[in-house]
Amino acid sequence: MANWIKIERPIENGSVVSMQAPHIISASRSTDIPAFYADWFFLRLKKGYSVWTNPFNGVKSYVSYENTHFIVFWSKNPRPLLPYLQLLKERNIKCYVQYTLNDYEQEKLEKVPSLATRIETFKLLVDQLGKGAVIWRFDPMILTDDISVDDLYRKVQNIGDQLKDYTEKLVFSYADIAMYKKVKHNFEVNGIPYHEWEIDQMEEFADMLSTMNRERGWNFQLATCGEKIDISKYGIQHNRCIDGDLITRLAWDDKELMEFMKVKIEDVPAPTLFGEPELPEGVILLPHNHYFISKHKKDQGQRPFCECMASKDIGEYNTCPHLCEYCYANTTKQLAIENWQRHQQNKFSDTIIGK
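The model shown is predicted, which means the values in this text are computed figures rather than measured ones. (Residues numbered from 1 in each chain as written. Predicted model: local features only at pLDDT ≥ 70, side-chain atom pairs only at ≥ 80, totals over all residues. Heavy atoms only, no water.)

Visitor: Any chance you could break down the environment of Tyr194 for me, citing the residues and the numbers?
Guide: Tracing the backbone shows Tyr194 in strand S11 (residues 194–195). Once the C-alpha coordinates of Tyr194 and Pro287 are considered, the two residues, 93 residues apart in sequence, prove to be 46 Å apart. Each residue touching Tyr194, except ones within four places of it in the same chain, is listed here: Leu143, Thr144, Ile177, Lys184, Phe187 and Glu188. A distance of 3.4 Å separates a polar atom in the side chain of Tyr194 from a polar atom in the side chain of Glu188. (Helix = DSSP H or I, 4+ residues; strand = E, 2+ residues; numbered from the N terminus. Contact = heavy atoms within 4.5 Å. Polar contact = N/O pair within 3.5 Å; in protein donor to acceptor, adjacent residues only side chain to side chain.)

Next comes the structure, spelled out in structure tokens:
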């Protein structure tokens, strides 16, 4: 399913240009828009478009928000989103947040607010968006000379106990360092004594995590992001970070979006003298006695083990000032800082980096 059509629209200088007009926006796999670019994004949403640069060929293209009905936010510090959520409601744009809430404070692998502050932010988001719309990610699970499997278990337990009843899902990944040149380079340049996960360690951790989830009464859905290993025997599935079923659950009453996604919302039949009606296999129940059957389709442009549906990502690499030691999105810290500084000098440019 294509996520957008092409339209012709004027830009701020008066010229008319061709724009992509997606229904579903990803903001963003490439940088932390909520943490650092929320003001830019919501101004561009008001203006009606932004400019995106293709990371492979450098070609710029225009993205219109005219048809946008849903946004998936990705962030390690989404607190700056909080004052803007009302604007989304006013525009009838629904959203959910992929919230990466790790605990590498002691190891100083991330430059983020304190763990206590980030957990508070998580709960504030849930108060506004609802439990199903804020997803906890502990991503990636990193092993080093100083972080063992048992250390990760304790870190997850600490956060999980505090997020019980605040989320439906925990998504994680094992740090696949050798597979990603940028990550490997950044670990080595920054002197991080990393270890690659062995298959038996992955299995051991999956078993521990599944047991902890059950015994501590979290009852989270457990899922891995982009992992080849099959650990479904522990109740852990491959994740859909851009999830058509979750989008439907949160925006099922948006008729235009459902038509675009080819999802049919059905009424649950009333009980009869013969008992409760039988519903088709694979039914997902909705409020007010409605249901749908999953129409989720994988985006063929994503990695082989990524289950996301198609969306338009509007971020750009080399723009995230979190400066995580293991970053896959920044080639160097210096380049990210330079682009952030350029943004600060021209915060309301149509591009995220101010040029």
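Visitor: Help me get a handle on a negative patch on the surface, residues and values and all.
Guide: On the surface, Asp150, Glu198, Asp200, Glu204 and Asp207 cluster together into a patch of negative charge. For the negative patch, the element with the most residues is helix H7 (residues 199–215), which contributes three residues. (Patch = residues over 30% accessible without salt bridge, like charges linked within 9 Å, V, L, I, M, F, W, Y side chains within 5 Å. Areas by Shrake-Rupley, 256 points an atom, 1.4 Å probe, with all protein chains shown as cover. Salt bridge = Lys/Arg side-chain N within 4 Å of Asp/Glu carboxyl O. Lys, Arg positive; Asp, Glu negative; His and termini not counted. Charge placed at Lys NZ, Arg CZ, Asp CG, Glu CD.)

Visitor: Go over unusual backbone geometry, please, and point to the residues and values.
Guide: The omega angle of the peptide bond from Ala27 to Ser28 is 0 degrees, so this bond is cis rather than trans. Note on placement: Ser28 falls in the loop between strand S3 (24–27) and helix H1 (33–36). Cis geometry marks the peptide bond from Asp139 to Pro140, where omega comes out at 0 degrees. For Pro140, the position within the fold is in strand S8 (residues 134–141). The residue Lys108 is not glycine, and still its phi comes out positive at about 60 degrees. Checked against the element boundaries, Lys108 lands in the loop between strand S7 (94–100) and helix H4 (115–129). Classification of Lys108 as exposed rests on a relative accessible area of 62%. The backbone phi angle of Asn289 is positive, close to 60 degrees, even though this residue is not glycine. Structurally, Asn289 is set in the loop between strand S15 (283–286) and strand S16 (290–293). (Buried < 20%, exposed > 50% of the residue type's maximum accessible area, 1.4 Å probe, protein only.)

Visitor: Could you give me a rundown of the sheet that holds S16, with the residues and numbers involved?
Guide: Strand order in this open sheet of three strands is S14-S16-S15, and the pairing throughout is antiparallel. What marks the edges here is a single partner per strand, and that holds for strand S14 (266–267) and S15. Taken together, the four bridges between S15 and S16 define a ladder with antiparallel strand orientation. Note on S16: the bridge partner recorded for Leu285 is Tyr291. Strands S15 and S16 of the sheet are contacted by helix H8 (residues 244–251), whose axis makes an angle of about 25 degrees with S15. (Pairing = 2+ DSSP bridges. Axes fitted to C-alpha atoms, helices over the stretch in contact; angles between N-to-C directions.)

Visitor: How would you explain the nonpolar core if you had to name every residue and give the values?
Guide: Phe73, Trp136, Val156 and Phe205 are the most contacted members of the largest nonpolar core, which has 73 residues in total. When residues of this core are assigned to their parent elements, the largest contribution, six residues, is made by H7. Beyond its immediate stretch of four places on either side in the chain, Trp136 contacts Tyr99, Leu101, Phe122, Val156, Ile159, Gly160, Leu163, Thr167, Lys169, Leu170, Val171 and Phe220. By size, the runner-up hydrophobic cluster in this structure holds 25 residues, among which are Tyr96, Leu246, Met261 and Cys308. (Core = buried A, V, L, I, M, F, W, Y, C linked by side-chain atoms within 4.5 Å.)

Visitor: How would you summarise helix H5 (residues 149–163) if you had to cite specific residues and measurements?
Guide: Its 15 residues place the ends of H5 21 Å apart at the C-alpha level, agreeing with the 21 Å of an ideal helix rising 1.5 Å per residue. Those residues of H5 that sit buried are Val149, Leu152, Lys155, Val156, Ile159, Gly160 and Leu163. Burial along H5 is one-sided: seen end-on, the buried residues are contained in an arc of 125 degrees. The inward-facing, buried residues of H5 abut H4, S8, strand S9 (143–144), strand S10 (169–174) and H7. Following H5 by one or two positions, Asp165 adopts a phi angle in the positive range, close to 75 degrees. (Expected span 1.5 Å × (residues − 1). Arc of directions from axis to C-beta.)

Visitor: Account for the packing of H5 against H7, with residues named and values stated.
Guide: Put simply, H5 and H7 touch, their axes get as near as 11 Å, and they point 25 degrees apart. Here H5 lies roughly parallel to H7, going by the angle between them. Judged by the sense of rotation from one axis to the other, the crossing of H5 with H7 is right-handed. Contact with H5, carried on its side by Val149, Asp150, Leu152, Tyr153, Val156 and Gln157, involves Gln201, Glu204, Phe205, Met208, Leu209 and Met212 of H7 and no other residues of that element. Residue composition of the contact of H5 with H7, by class: eight nonpolar, two polar and two charged. (Parallel < 35°, antiparallel > 145°, perpendicular 65-115°, else oblique. Left-handed = near helix turned anticlockwise from the far one by under 90°. Nonpolar A, V, L, I, M, F, W, Y, C, P; charged D, E, K, R; others polar.)

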